[in-house]
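# Commentary on secondary and tertiary structure
Below are the chains, spelled out letter by letter.
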Amino acid sequence: MFDWYCWMAWSLVIVVACYILFELHYFWRMALCLLLARFIKRKCQVLDTTIISGICLSNDLDHFLCHMNNARYLREMDFARVDFYERTKLYHTIRKNGGSIVQGATTIRYRRFIRPFRRFSITSKIIYWDSQSIFMEHRFLRPKDQFIHCIAICRQRIIGCSVDAILLELLTRKSLHDTISVENGEAAESKLKPEPTEELQKWIEYNEISSRNLRQNS
């Protein structure tokens, strides 16, 4: 009996230590998002908008315990991106071509806080791409009326392969499925590529200025 209690005590200590050192909740949820996107949810085309649901729990609250902590929005977007990557085959296509993807920049604008234990949804979509990066937009929405709590723009830097080649492969696949009449893959990419908004153009310019200043000061 003593050995059983000792084993239970050590097991509890290990679990608590893992939660303190590694925040297991984050990794468990990431694994769940990955499994749902890969095996349960329907597949999407790369220019589709994906959506996931969430809820503001007690461990998401700020120090006043009255709304979601600002940093949690950025973490929630990790789950939204994993869902998008898997359902559109974007990450699979990048890895197949010998590349990788990293977060290059994020700008987030908060409009109205999310109350404790309130549900929300996050939409994700590609809004533009250039020779080096894919630009995504995430929106935090109130489910009942689609009010936008928060909006973010992210730059996903593609390393080790061509952005145009990746999108060309995915868009050509879309063209075949949707029977879009195009002469070749390049025509499909040109036709379907979103135009950058004025807001995005200025944000890209800001990031370029920031990068130039950092290079000069390093």
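Residues numbered from 1 in each chain as written. Predicted model: local features only at pLDDT ≥ 70, side-chain atom pairs only at ≥ 80, totals over all residues. Heavy atoms only, no water.

### Brief notes about a nonpolar patch on the surface
Residues Leu12, Val16, Ile20, Leu21, Phe22 and Phe27 make up a contiguous nonpolar surface patch of roughly 670 Å² in combined accessible area. The dominant element in the nonpolar patch, judged by the number of residues it contributes, is helix H1 (residues 2–22), at 5 residues. On the secondary structure map, phenylalanine 22 appears in helix H1. (Patch = residues over 30% accessible without salt bridge, like charges linked within 9 Å, V, L, I, M, F, W, Y side chains within 5 Å. Areas by Shrake-Rupley, 256 points an atom, 1.4 Å probe, with all protein chains shown as cover. Salt bridge = Lys/Arg side-chain N within 4 Å of Asp/Glu carboxyl O. Helix = DSSP H or I, 4+ residues; strand = E, 2+ residues; numbered from the N terminus.)

### A look at the nonpolar core
By size, the foremost hydrophobic cluster in this structure holds 19 residues, and its most contacted members are Met68, Tyr73, Phe79, Ile114, Phe120, Ile122 and Phe140. Sorting elements by how many residues they give to this core places helix H3 (residues 70–88) first, with 5 residues. For phenylalanine 79, the residues in contact, after removing those within four places along its chain, are Tyr26, Arg29, Met30, Cys33 and Ile52. (Core = buried A, V, L, I, M, F, W, Y, C linked by side-chain atoms within 4.5 Å. Buried < 20%, exposed > 50% of the residue type's maximum accessible area, 1.4 Å probe, protein only. Contact = heavy atoms within 4.5 Å.)

### Points about the packing of aromatic side chains
Under the definition given, this model contains 8 aromatic pairs. Here the aromatic residues Tyr73, Tyr110, Phe120 and Phe140 are joined through ring pairs into a cluster of three or more. (Phe/Tyr/Trp six-rings, centres within 6.5 Å; stacked < 30°, edge-to-face > 60°.)

### Observations regarding the environment of glutamate 137
With respect to the helices and strands, the residue glutamate 137 is situated in strand S4 (residues 133–142). For glutamate 137, a relative accessible area of 11% puts it in the buried group. Sequence separation between glutamate 137 and serine 121 is 16 residues, and the spatial gap between their C-alpha atoms is 14 Å. Filtering out sequence-adjacent residues up to four positions away, glutamate 137 remains in contact with Thr123, Ser124, Lys125, Ile127, Ile151 and Ala152. Reaching out from glutamate 137, the side chain makes a polar contact with the side chain of arginine 139 at a distance of 2.9 Å. (Polar contact = N/O pair within 3.5 Å; in protein donor to acceptor, adjacent residues only side chain to side chain.)

### Quick word on the side chain of arginine 72
Topologically, arginine 72 is positioned in helix H3. Among all residues touching arginine 72, those that are not within four sequence positions of it are Glu23, Asn59 and Asp60.

### Quick word on the pairing of strand S5 (residues 147–159)
Burial of S5 is extensive: 11 of the 13 residues sit out of reach of the surface. As paired elements, strand S2 (residues 100–110) and S5 share 10 bridges and run antiparallel to each other. Residue threonine 107 lies in a different strand from S5, and its bridge partner there is isoleucine 153. As paired strands, S4 and S5 are joined by 10 bridges and run antiparallel to one another. Paired with histidine 138 across the strands is alanine 152, a residue of S5. With antiparallel pairing between neighbouring strands as the criterion, S4 and S5 make up a hairpin whose turn holds 4 residues, including glutamine 146 at a positive phi of roughly 60°. (Pairing = 2+ DSSP bridges.)

### Overview of the pattern of salt bridges
Inspection of every chain in the model, using the stated rule, returns 9 salt bridges. Between arginine 38 and glutamate 86 there is a salt bridge, with the nearest N and O atoms lying 3.1 Å from each other. Taken together, the positions of arginine 38 in helix H2 (residues 24–40) and glutamate 86 in helix H3 put the pair 48 residues apart, joining distant regions of the chain. The exposure class of arginine 38 is partly exposed, given its relative accessible area of 41%. Note that lysine 41 and aspartate 83 form a salt bridge whose closest N and O atoms lie 3.1 Å from each other. Of this pair, lysine 41 sits in the loop between H2 and strand S1 (50–55) while aspartate 83 sits in helix H3, and the two are 42 residues apart along the sequence. One network of salt bridges, with partners in common, ties together Lys41, Asp83 and Arg87.

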